[in-house]
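# Structural overview
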Amino acid sequence: MTDIMTRTETDTETPSDGIVLGPNQYGKAEVRVVKVTRDGDRHSIEDLNVTSQLRGDFQAAHLDGDNGHVVATDTQKNTVFCFAREGIGSPEAFLLRLSDHFTSEFDWVEGGRWLAESYAWDRIQVDGEGHDHSFVRSGQETRTAVVVAEGSTRHIIAGLKGLTVLKTTQSGFVGYPKDRYTSLKETTDRILATDVSARWRYAPDAGSRDLDFNEIYADVKRILLEEFTRRYSAALQATLFDMGRAVLEAHPKIAEIRFSMPNKHHFVVDLEPYGLENPNEVFFASDRSYGLIEAAVTREGQAEVASAWEAVSSFC
């Protein structure tokens, strides 16, 4: 485990040398917590990797070495474990509980950010039935969650990463500009493959706390997979937008969704030197370099919430 010391806004006095403390935050990173719920012989498991970081009046710690306001990172770690004792439910709900605790327990903690990765486990099948207490790591992706606290406001950003998808046809790339450095040939039939990383921000209203985050997560994942394959792809950009639009149409509580999607290139191998034809069947899967497509899909006229998205990165 590592401690993170990064930044957030705080009021400072200007010293005589003109050097001041800038934005800052601190906390405990990557607390691995596994919660086993025992319902008789039948057990269930929840597995999270949690980061907690606090923002507020921590100027004295930096400028004077006064730790009177420094809630120890070890305390933050222990709080994660103790809250897990009561159950996790969903990563979003768990992070909301942590944010409410730290901002109410300590008057000088004005906000912060809490992150989680969630790891899925399936029951091992024995004689056709799921075992009561034996599991195999599963999941086609890693689920993510971020809660940002700004006073009484909570920004909730759910997401996933590492959702690897591929379709063997119904994709092409034509009509792009060409110059003397262009070597890529146009095609109307290619493999389209990507690792989907997506984050969606819920509208910060009172009703967001009562949402079934697990149910919405499952439905968003379903929509992303279906829209990836539903129609011909003229470019990964077009497919990305179709995926995002479908999510927003289905879930009015989601304010926007952002994607990072590498184009995992598959090149047709030239087999003619070996006396063989290759009717679009044998490919070289190139891991680098790769195209990287990133975009936000949002609702028209909606205000930006930059502070929420800044918190997604480790250094805001």
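This text follows the structure it describes.
Described in the following lines is the structure provided in the data block. A quick note: this is a predicted structure, and the numbers were derived from the prediction, not measured.

## Side note on the nonpolar core
The nonpolar side chains of a soluble globular protein tend to be buried with one another. One finds Trp200 and Phe259 to be the most contacted residues of the largest nonpolar core, which totals 54 residues. In terms of residues, this core owes the most to one element, helix α4 (residues 213–230), which gives 7 residues. When near neighbours in sequence (up to four residues on either side) are disregarded, Trp200 contacts Ile156, Ile157, Ala158, Gly159, Leu160, Tyr217, Val220, Ile254, Glu256 and Ile257. Judged by nonpolar contacts, the second largest core, of 8 residues, contains Leu115, Ala308, Trp309 and Ala311.

## A few points about helix α2 (residues 73–85)
Its 13 residues give α2 an end-to-end C-alpha distance of 19 Å, which sits within 8% of 18 Å, the value for a rise of 1.5 Å per residue. Along α2, the positions that sit buried rather than exposed are Thr73, Gln76, Lys77, Thr79, Val80, Phe83 and Ala84. Down the axis of α2, the buried side of the element spans an arc of 155°, and every buried residue falls inside it. Residues of α2 that are exposed and point over 90 degrees away from its buried face: Cys82 and Arg85. Two residues or fewer after α2 comes Gly87, characterised by a positive phi angle close to 105°.

## A word on the pairing of strand β7 (residues 142–150)
For β7, the tally of buried residues reaches 8 of 9 residues, placing the bulk of the element in the interior. Inspection of the sheet shows strand β4 (residues 109–119) paired to β7 by 8 bridges, in the antiparallel sense. Each bridged residue has a counterpart across the sheet, and for Gly112 the counterpart in β7 is Ala149. Bridge count between β7 and strand β8 (residues 153–167): 9 bridges; the pairing is antiparallel. Counted as the bridge partner of Thr144 is Gly159 from β8. Linkage of β7 to β8, two consecutive antiparallel strands, is achieved through a turn of 2 residues, within which Gly151 is found at a positive phi near 65°.

## Describing the packing of aromatic side chains
All chains considered together, the criterion is met by 7 aromatic pairs. Considering the side-chain rings of Phe106 and Trp108, the 5.7 Å spacing of their centres and the 50° angle between planes classify their relative orientation as tilted. According to the relative accessible area criterion, Phe106 is buried, its value standing at 18%. Trp108 sits in the partly exposed class, given a relative accessible area of 24%. Ring centres 6.0 Å apart and planes at 35° place the aromatic pair Trp200 and Tyr217 in the tilted group. In this pair, Trp200 is assigned in strand β9 (residues 192–202) and Tyr217 in helix α4, connecting sequence segments 17 residues apart. Accessibility expressed as a relative area gives 8% for Tyr217, which makes it buried.

## Structural notes on the side chain of Asn24
Within the fold, Asn24 resides in strand β2 (residues 24–39). A distance of 3.1 Å separates the side chain of Asn24 from the backbone oxygen of Gly22, its partner in a polar contact.

## Considering the pairing of β9
Of all 11 residues making up β9, 8 are buried, and the element is well covered by its neighbours. Summarising the sheet, β8 and β9 pair through 9 bridges and their orientation is antiparallel. Note on β9: the bridge partner recorded for Leu160 is Ala198. Of the strand pairs in this sheet, β9 and strand β10 (residues 254–263) are connected by 6 bridges, and their pairing is antiparallel. Bridged to Ala198 within β10 is Phe259.

## Brief notes about the environment of Asp66
Looking at where Asp66 falls in the secondary structure, it is placed in the loop between α1 (59–64) and α2. Ignoring any residue separated from it by four or fewer positions in sequence, one finds Asp66 in contact with Ala60 and Ala61.

## So, the packing of α4 against helix α5 (residues 236–250)
Where α4 meets α5, the closest approach of the two axes is 9 Å, and the angle between their N-to-C directions is 145°. Remark: the crossing between α4 and α5 carries right-handed chirality. The segment α4 lies against α5, with Val220, Ile223, Leu224, Glu227 and Phe228 engaging Thr239, Asp242, Met243, Ala246, Val247 and Ala250. Considering only residue class, the contact of α4 with α5 consists of 8 nonpolar, 1 polar and 2 charged.

About the criteria used
- Residues numbered from 1 in each chain as written.
- Predicted model: local features only at pLDDT ≥ 70, side-chain atom pairs only at ≥ 80, totals over all residues.
- Heavy atoms only, no water.
- Core = buried A, V, L, I, M, F, W, Y, C linked by side-chain atoms within 4.5 Å.
- Buried < 20%, exposed > 50% of the residue type's maximum accessible area, 1.4 Å probe, protein only.
- Helix = DSSP H or I, 4+ residues; strand = E, 2+ residues; numbered from the N terminus.
- Contact = heavy atoms within 4.5 Å.
- Expected span 1.5 Å × (residues − 1).
- Arc of directions from axis to C-beta.
- Pairing = 2+ DSSP bridges.
- Phe/Tyr/Trp six-rings, centres within 6.5 Å; stacked < 30°, edge-to-face > 60°.
- Polar contact = N/O pair within 3.5 Å; in protein donor to acceptor, adjacent residues only side chain to side chain.
- Axes fitted to C-alpha atoms, helices over the stretch in contact; angles between N-to-C directions.
- Left-handed = near helix turned anticlockwise from the far one by under 90°.
- Nonpolar A, V, L, I, M, F, W, Y, C, P; charged D, E, K, R; others polar.

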